[in-house]
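So you can see what is in the structure, the chains are spelled out below.
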Amino acid sequence: MLKNCFKPNVLTMLVSLATVLVGNAQKSPTKDTRPNIIFIMSDDHAYQAIGSYDTTLLRTPHIDRIAKEGMIFTNASVTNSICAPSRAVILTGKHSHINGKIDNRTPFDTTQTTFPQLFKKAGYQTALFGKLHFGNSPKGIDEFMILPGQGYYLNPDFITKKGDTVQVKGYATDIITDMTLNWLENDRQRDKPFMLMYLHKAPHRPWWPRADKFKEFYNKKFPIPETLFDAYENRGSAAKTAEMNILYHMLYGHDSKVKPETWDVMKAIEPKVQERRDRFYDDYDRMDNEQKIAYDAVLNRINEDFRRNWPNMTQRQKMEWKYQRYMQDYLGSVSSVDDNVGRVLTYLDDSGIAENTIVVYTSDQGFYLGEHGWFDKRFVYEESFKTPLLIRWPNVIGPGTTEDEMVQNLDFAQTFLAAAGIGAPADMQGENLMPLLEGEKENWTREAVYYHYYEYPSVHMVKRHYAIVTKKYKLIHFYYDVDEWELYDRINDPKELKNRYDDPDYAEVIAQLKEELLALRVQYGDSEELDQKYIEAYTLDR
Ligand code: SGN
Ligand code: CA
């Protein structure tokens, strides 16, 4: 199966052949006409780095096509802004406190029903390629290739359905796409609808773009976000104690790609920063010589610049230098995702299946691109709470539609099942988005969503919190080692710079929201007892 991955000419021939085959299959009277679903999810893709949401940083013409020909959600969010928990919510249609995968480390209880199992049972063909991050094989999937854990960008390993591990030469985003196209082309049963999960590792840390994008993006400069130098005033302790500041917590080698030899030469430049050399070589040493030469062309320039300029920089300049390095690599990685989404969309067109295929583009959560001086996610604050969501479904969703209702990753399972005409289990906790997709908003009643983050104390040190979010407000309770509340006025303070919790003007709003928050906790089956249970079950990993 892998053999074809690196022969685009063979692929093109097969695509033409498929067009003929699909054409014939469509004439068959027994054809199952339920829609296909391609669920495209990237890892840590901030909506700020998608042209349809914001063109300040980057244009993403291929991802944008999904919005132009379908719907863009401007208020889509996650229930728990971290990788594996988000995936568990998507697969089960249940909040973290119910499905039990509250953080990246807790094992996922595989006896639970996940939506792919229901698709398979209902006669769909199912497949999954890329990052799953579950530590176990997906159930209900006919064919898969998954990255072990976080996976690597360069020459990544994949776990196959047989349980063995194979290393594939090349760049992860391209390879995952090759596998996806290869499956669509060679393994898809033309007489059945399919549910295909196409899951990128990019643009997850440590943001290694493909060599040509590394070179291209190193020459770019990006606008500085207004809150890059945020001093976290007028807020509680959680923002101040989080460890995800670009200046203080981003690593020279692993993240900014300054080689350990360069730090050696500069000795003691930043004695406070502790970094292991192997964090850089872990990725670099996966390259073969030819790849190293291509990357070194840029790495040498980065290192030369660092050696020459870093010792004389002010703190402010250092922050800006690190921010630019971060954006160059992050956006370079996104750019490959966009190119590859383009390849898949083109395939759908060429093979004649675009019309009956629902294409969903999303991320497992949002991400900070320098807002509040941060990278990473976890907080219910805007940029990591919100996630991109674009859906194309010809003949159902009108082209160029914008939807601002509060929707969540919790809703995906029920929505996909409804779209395929498969019954959803009654204990799923989301809402079916079909009324929104079909433009029947009068049937949509949700006004608030619930959020709960658990992984603390842990990497990045974001305190445990739960929250209620409406279009207008966000009320947050940080707990465990603090007992602090924050209220943000989403309309008048969209950058969330002022906690209004002690402002008498908001007293009534707060009282109302507290009641609604409690009601949501009751509705979703969350409680102080469960908070306590998860605290007790948590073992420190630091
Ligand atoms: C790794 C990253 C963290 C990131 C977590 C979780 N460090 O630990 O920055 O927050 O994953 O990310 S890294 O140096 O190993 O890249 S998640 O997307 O899997 O939740
Ligand atoms: Ca993630």
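Residues numbered from 1 in each chain as written. Chains lettered and ligands numbered in written order. Predicted model: local features only at pLDDT ≥ 70, side-chain atom pairs only at ≥ 80, totals over all residues. Heavy atoms only, no water.

Protein ligation of the calcium ion (ligand 2) involves D43 (OD), D44 (OD), D364 (OD), D364 (OD) and Q365 (OE1), the donor distances falling in the range 2.1 to 2.8 Å. Around the calcium ion (ligand 2), the 6 donor atoms are arranged such that angles at the metal cover 50 to 171°; this shape is classified as irregular. The sequence pattern formed by the donor residues of the calcium ion (ligand 2) is D-D-x319-D-Q. Note that D44 is positioned in the loop between β1 (36-42) and α2 (61-68) and Q365 in the loop between β9 (357-363) and α14 (382-385), a separation of 321 residues in sequence. (Donors = N, O, S within 2.8 Å, 3.2 Å for Na, K, Ca; no water. Tetrahedral: all angles 85-135°; square planar, octahedral: opposite > 155°, others 65-115°. Helix = DSSP H or I, 4+ residues; strand = E, 2+ residues; numbered from the N terminus.)

Here we come to the nonpolar core. Of all hydrophobic cores here, the largest spans 57 residues; its most connected members are Y295 and Y361. The dominant element in this core, judged by the number of residues it contributes, is helix α13 (residues 315-351), at 7 residues. In this structure, Y361 is in contact with I40, S42, H45, I50, I63, I66, V337, V341, P388, L389 and L390, ignoring residues within four places of it in sequence. If you look at the next biggest cluster of nonpolar residues, it comprises 45 residues, including Y323, Y368, Y381 and Y451. (Core = buried A, V, L, I, M, F, W, Y, C linked by side-chain atoms within 4.5 Å. Buried < 20%, exposed > 50% of the residue type's maximum accessible area, 1.4 Å probe, protein only. Contact = heavy atoms within 4.5 Å.)

In this section: the sheet that holds β9. As summarised here, the arrangement of the 10 strands in space is β7-β6-β5-β4-β8-β1-β9-β10-β2-β11, forming an open sheet in which the pairing is mixed. Looking at strand neighbours, the two that pair on one side only are β7 (165-167) and β11 (401-403), the edges of this open sheet. Neighbour-to-neighbour, the strand axes of the sheet open up by a mean angle of 15°, direction not taken into account. Note: strand β4 (residues 125-131) against strand β8 (residues 194-199), 6 bridges, orientation parallel. When the bridges of β8 are listed, G130 appears paired with L199. Sheet strands in contact with α13 are β1, β8, β9 and β10 (389-392), and its direction is about 170° off that of β9. (Pairing = 2+ DSSP bridges. Axes fitted to C-alpha atoms, helices over the stretch in contact; angles between N-to-C directions.)

Moving on: the environment of L57. By secondary structure assignment, the location of L57 is in the loop between β1 and α2. The spacing of L57 and M434 is 377 residues in sequence and 32 Å in space, taken between C-alpha atoms.

The next thing to look at is the pairing of β4. Across the 7 residues of β4, 7 count as buried, placing the element largely inside the fold. Looking at chain direction, β4 and strand β5 (residues 143-147) are connected through 5 bridges and run parallel. Opposite F129, over in β5, you have M145 as the bridge partner.

Attention now moves to the pattern of salt bridges. Counted under the stated rule, the structure contains 43 salt bridges. For K377, the salt bridge goes to D44, with nearest N and O atoms at 3.0 Å. One end of the pair, K377, is in the loop between β9 and α14; the other, D44, is in the loop between β1 and α2, with 333 residues separating them in the sequence. Across the pair, exposure class does not vary: K377 and D44 are buried alike. Between K377 and D376 there is a salt bridge; the shortest N-O distance is 3.7 Å. Judged by its relative accessible area of 4%, K377 is buried. (Salt bridge = Lys/Arg side-chain N within 4 Å of Asp/Glu carboxyl O.)

The next point concerns helix α3 (residues 83-92). Given 3.6 residues to a turn, an α-helix orients residues that are three or four positions apart in the same direction. Counting buried residues along α3, 10 of its 10 residues qualify, which places the element largely inside the surrounding structure. Among the residues of α3, C83, A84, P85, S86, R87, A88, V89, I90, L91 and T92 are the ones counted as buried. Buried residues in α3 make contact with β1, α4 (96-99), α5 (115-121), β4, β8 and α15 (412-419). With its phi angle positive at about 70°, G93 sits one or two positions after the end of α3.

The next subject is the packing of aromatic side chains. For the structure shown, the criterion picks out 41 aromatic pairs. Centroid distance Y252 to F306: 5.6 Å. Interplanar angle 65°. Geometry classified as edge-to-face. Taken together, the residues span a long stretch of sequence, with Y252 in the loop between α9 (246-249) and α10 (260-266) and F306 in helix α12 (residues 289-309) at a distance of 54 residues. Consider the rings of Y456 and Y480, whose centres lie 5.8 Å apart with planes at 85°: the pair is edge-to-face. On the criterion of sequence distance, the pair formed by Y456 in the loop between β13 (448-453) and β14 (465-470) and Y480 in the loop between β15 (473-478) and β16 (484-489) is long-range, its members being 24 residues apart. One aromatic cluster is present, built from ring pairs that chain together Y232, Y368, W374, F379, Y381, F478 and Y488. Between the NZ or CZ atom of K220 and the centre of the ring of F217, over which it lies, the distance is 5.0 Å. Here K386 stacks its cationic end above the ring of Y47, 5.0 Å away from the centre of that ring. (Phe/Tyr/Trp six-rings, centres within 6.5 Å; stacked < 30°, edge-to-face > 60°. Lys NZ or Arg CZ within 6 Å of the ring centre and 35° of its normal.)

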